[in-house]
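# Survey of secondary and tertiary structure
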Amino acid sequence: MKEIRIGLVGAGRMGSFHGRTIARKIHGAKLNAIADPVSGAAERLAKELGVSKAYTDPKEMFQDPHIDAVVIAAPAHSHADLIVAAANAGKAVFCEKPMAITLEEADKAILAAQNANVPLQVGFNRRFASDFRAAHNDIVEGRIGTPQLLRSLTRDPGLGDPTPIPEWTIFLETLIHDFDTLLYLNSGAEPIEVYAVADALVRPDFKDKGLLDTAVVNIRFDNGAIATAEANFQAVYGYDVRGEVFGSAGMVMAGGVQQTNMIRYTSEGISRDTYRRDTELLHDAYVAELTSFVECVRNDSTPYVTGNDARRALSIALACITSVKTNTPVKIKESVQLI
């Protein structure tokens, strides 16, 4: 079996998690190099994982002939540029969401991968979670009839220092997962209109600095289905990710917050242990998406989540931003301008 040699961009929280996953859990893959512009970051992670090459310039790493593919876990604003550079160097690309923050950037990234004939996969992990995939399969097989009402939610377990959070993060980096989930569950349907409301309810003292920590989005699809996506940055009870589709012949539900099915009964009441991090709640999905990427590179096959999938989710996110700015429903096709 051909070993896939991978270079990692980003040694922060998510990059370190992906690096450890590649180095320790992905059969047939080898982490060959790490790049991070922060001085010492790549070297520290490389030392931990036994990786011999560390760079401060990702584009220098892309020129390494001993790397077949790259995993990009850098800040969102740099994603599209890094995808283009990696693809132009002939590397297969896995990129964390969002793939880009404008449709123009998304198109450049997709085109670069197509022109280089390299796979481009985007990190929408819920498609790799067994319960969300089972729900998708049931819907595609018609087991719940025609989808009518859909819901997807993301509630982070705690909001730390809001200072570094970029404007519109709740749509571009949090709810983008929910938009992709709704597209995945309502397979074959196209979103036609959104109406979004958002506010700073967790930290209202940061609203004048651009923070939005709570949002609800209504989405209408061309098959008649109506969907709701919601997010909040502080669910004190744990990391909560769920999806639901109600159809003409039944309903499916996926996700949750509990660590196990165990329920505790004590004098203090009834309780369950809950996950507090995304890398715990969706651990298996994170591993599965990178495993799928490695197999895609090895077999020269189409990724399960493509650049076009990421572009569709981004188009909803951009429409939401326009909707919040104008306080009106927005047609998806009208949302091409941004921020």
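In this text, all values refer to a predicted model and were calculated from it rather than measured experimentally. (Residues numbered from 1 in each chain as written. Predicted model: local features only at pLDDT ≥ 70, side-chain atom pairs only at ≥ 80, totals over all residues. Heavy atoms only, no water.)

## Quick look at the pairing of strand β8 (residues 191–199)
Where β8 and strand β9 (residues 214–221) come together, eight bridges link them in antiparallel fashion. Each residue of the ladder has a partner; that of A196, found in β9, is V217. Pairing analysis gives two bridges linking β8 to strand β15 (residues 330–331), with the strands arranged antiparallel. Across the sheet, E193 pairs through a bridge with K331, a residue of β15. (Pairing = 2+ DSSP bridges. Helix = DSSP H or I, 4+ residues; strand = E, 2+ residues; numbered from the N terminus.)

## Re unusual backbone geometry
Cis peptide bonds are those with omega within 30 degrees of zero, and the linkage from K97 to P98 qualifies with -15°. Relative to the assigned elements, P98 resides in the loop between β5 (92–95) and α5 (103–116). Backbone geometry places D300, a non-glycine residue, at a positive phi of 55°. With respect to the helices and strands, the residue D300 is situated in the loop between α9 (283–299) and α10 (307–326). On the basis of relative accessible area, D300 is assigned to the exposed category, the value being 60%. Phi is positive for N327, which is not a glycine, with a value near 55°. Its place among the elements puts N327 in the loop between α10 and β15. Taking the relative accessible area as the measure of exposure, N327 reaches 54% and is therefore exposed. (Buried < 20%, exposed > 50% of the residue type's maximum accessible area, 1.4 Å probe, protein only.)

## Here's the deal with the domain arrangement of the chain
Looking at the assigned domains, one finds that the chain contains domain 1 (4–118) and domain 2 (127–284 + 313–331). For the pair domain 1 and domain 2, the summed buried area comes to about 930 Å², and 67% of that belongs to carbon and sulfur atoms. When the buried area of domain 1 at its contact with domain 2 is split by residue, F17, K97 and L103 rank highest and sum to 45% of it. If you look at where domain 1 meets domain 2, you find one salt bridge. Here domain 1 and domain 2 share three residue pairs in polar contact (both at pLDDT 80 or more) between them. (Domains from an automatic or database assignment. Buried area = accessible area lost by both parts, 1.4 Å probe. Salt bridge = Lys/Arg side-chain N within 4 Å of Asp/Glu carboxyl O. Polar contact = N/O pair within 3.5 Å; in protein donor to acceptor, adjacent residues only side chain to side chain.)

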